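# Survey of secondary and tertiary structure
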Amino acid sequence: MASLAPFKKHKVTVVGSGNWGSTIAKVVAENTAAHPDLFEKDVQMWVYEEELDGKKLTELINEKHENPKYLPGISLPKHVIANPSIEDAVKDSTILVFNLPHQFIKNLCQQIQGSILPYARGISCIKGVDVREGEIRLFSEAIGKELGIYCGALSGANIANEVAQEKWCETTIAYDPPPVDSQAPTPARTPQNQSPSASHVDLSKLDQHKDVSGLPSKIKLKPLPAEFHAIDHVTMQTLFHRPYFHVRVVDDVAGVSLGGALKNIVALAAGWVDGLGWGDNAKAAIMRVGLLEMVDFGKRFFGKTIQTKTFTEESAGVADLITTCSGGRNHRCAKMSAVEGKSIAEIEEREMNGQKLQGVSTAEEVNNFLKSKGLEDEFPLFTAVSKILKGEAKYEDIPQLIEPKTTDAHAEA
Ligand SMILES: NC(=O)c1ccc[n+]([C@@H]2O[C@H](COP(=O)([O-])OP(=O)(O)OC[C@H]3O[C@@H](n4cnc5c(N)ncnc54)[C@H](O)[C@@H]3O)[C@@H](O)[C@H]2O)c1
Ligand SMILES: O=P(O)(O)OC[C@H](O)CO
């Protein structure tokens, strides 16, 4: 009887090497080593090159197996290979993990068009939204469209330093590629080639797809050659799940992406009220209103596909909101800004050592979008944050700014 040829292994590249980028490279590399049947062991990590104490950051990472600037004190697996050339880092990779501050992604995608495999698949770990000319897109969509590939999303209550120290947490991966015309048959999973860490995934869901592709209608998703394992929920879970990093895989890419982006706006308001010393009740009020605006925003602008339960049941929703409003960088810097009476930009420059806050630009981008639609009043917390950042309102005004407008009947009572 003819024996089956072994599967071709997936090569994985992490695009980005900041605080979260380096942490995810560690997670992924631990799994490529643990699953040699599925993945090539080496993980390429693209590094935006810079100098630290007169030495190139890539050289330091490859010598010390640590990212001394963005994730100091954490050992990276030796097979995380820091690479300053983005074109070389993504070459021949079937799985691309995008993990860098959202303001840099557009340029980067332009740089790698033509260098990636046409049948590569992506996962965006980026928390932000892409707003241009009155249109809003998820970064998974933006990446998918720029590169002509499918891109899902990973997001959750995941403060990078805690994950890097292997403190237990959960995350959510949303992965729902459209069906591929003329898809070559992919090898069936058997107990022998099924990863144990993925065994609790509902296999009946693997081939269910919706119509959100992140791809322009003209471009068809390129089928993965038959010699590879399918890149599906099981593969994604096998790549990211660790004993300290528990993964749930869902289909709602919009819900997962928006939860991660919008909670950063709420975290700024939570930081300000903390900085004012208003206590936990005030912060809980901010989070309650913030969650409602996050769901409302998702339903209005991504209504076809989004599921409310992603915000209320998944790590990428309410859990991420809670953790970010307690220990996140956006919250921390906003709090310091209220305590010290300094701008967030000043605090970011002083405290973050090159790490980038995402909340300030997201607040501005979401506000531009809402303004273009004439809907600022319908999202009072998001609008209040933007006004405070622009100096048009004060932190102390938040309760009035987010108070629902009273009807005449109420006003008279
Ligand atoms: N850090 C966290 O705890 C955390 C957790 C979950 C998700 N996220 C999200 O992950 C994404 C990446 O965040 P991070 O924490 O890895 O980054 P970071 O805040 O550490 O940002 C610094 C990174 O930006 C790079 N950079 C600087 N200038 C650049 C340029 N011109 N072009 C390209 N890159 C440049 C730096 O080299 C560095 O890798 C963000 O969207 C963030 O919201 C962060
Ligand atoms: O540190 P922040 O505010 O960027 O938030 C970090 C993560 O997004 C928390 O899940």
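Residues numbered from 1 in each chain as written. Chains lettered and ligands numbered in written order. Predicted model: local features only at pLDDT ≥ 70, side-chain atom pairs only at ≥ 80, totals over all residues. Heavy atoms only, no water.

Each helix and strand in the protein was counted, giving 17 helices and 12 strands. A burial count over the protein gives 56% of its 413 residues as buried. Restricting to contacts in the protein with at least 6 residues of sequence separation, those with at least 24 account for 77%. (Helix = DSSP H or I, 4+ residues; strand = E, 2+ residues; numbered from the N terminus. Buried < 20%, exposed > 50% of the residue type's maximum accessible area, 1.4 Å probe, protein only. Contact = heavy atoms within 4.5 Å.)

This next bit is on a positive patch on the surface. On the surface, Lys371, Lys387, Lys390 and Lys405 cluster together to form a positively charged patch. Relative accessible area serves as the criterion here: at 32%, Lys387 is assigned to the partly exposed category. (Patch = residues over 30% accessible without salt bridge, like charges linked within 9 Å, V, L, I, M, F, W, Y side chains within 5 Å. Areas by Shrake-Rupley, 256 points an atom, 1.4 Å probe, with all protein chains shown as cover. Salt bridge = Lys/Arg side-chain N within 4 Å of Asp/Glu carboxyl O. Lys, Arg positive; Asp, Glu negative; His and termini not counted. Charge placed at Lys NZ, Arg CZ, Asp CG, Glu CD.)

What follows concerns the site of ligand 1. Lining the immediate surroundings of ligand 1 are 24 residues, of which Asn19, Trp20, Lys127, Ala160 and Lys356 lie closest. Gly21 places a polar main-chain atom, nitrogen or oxygen, 3.0 Å from an oxygen atom of ligand 1. Arg329 is positioned with one of its side-chain polar atoms (N or O) 3.0 Å from an oxygen atom of ligand 1. When ligand 1 sits alone it has 840 Å² of accessible area, and the protein chains cover 90% of it. Per-element tally for the shell around ligand 1: the top contributor is helix α1 (residues 19-34), with three residues. (Near = heavy atom within 4 Å. Polar contact = N/O pair within 3.5 Å; in protein donor to acceptor, adjacent residues only side chain to side chain.)

All residues in the neighbourhood of ligand 2 are listed as Lys127, Gly156, Ala157, Asn158, Ile159, Lys263, Asp320, Thr323, Thr324, Gly328, Arg329 and Asn330. Asn158 has a polar backbone atom sitting 2.9 Å from an oxygen atom of ligand 2. Between an oxygen atom of ligand 2 and a side-chain N or O atom of Asn330, the distance comes to 2.8 Å. Compared with its free state, where it exposes 300 Å², ligand 2 has 93% of that area covered by protein. Elements with a minimum of two residues in the shell around ligand 2: α11 (315-327) and α12 (329-340). Considered class by class, the residues forming the shell around ligand 2 number two nonpolar, six polar and four charged. (Nonpolar A, V, L, I, M, F, W, Y, C, P; charged D, E, K, R; others polar.)

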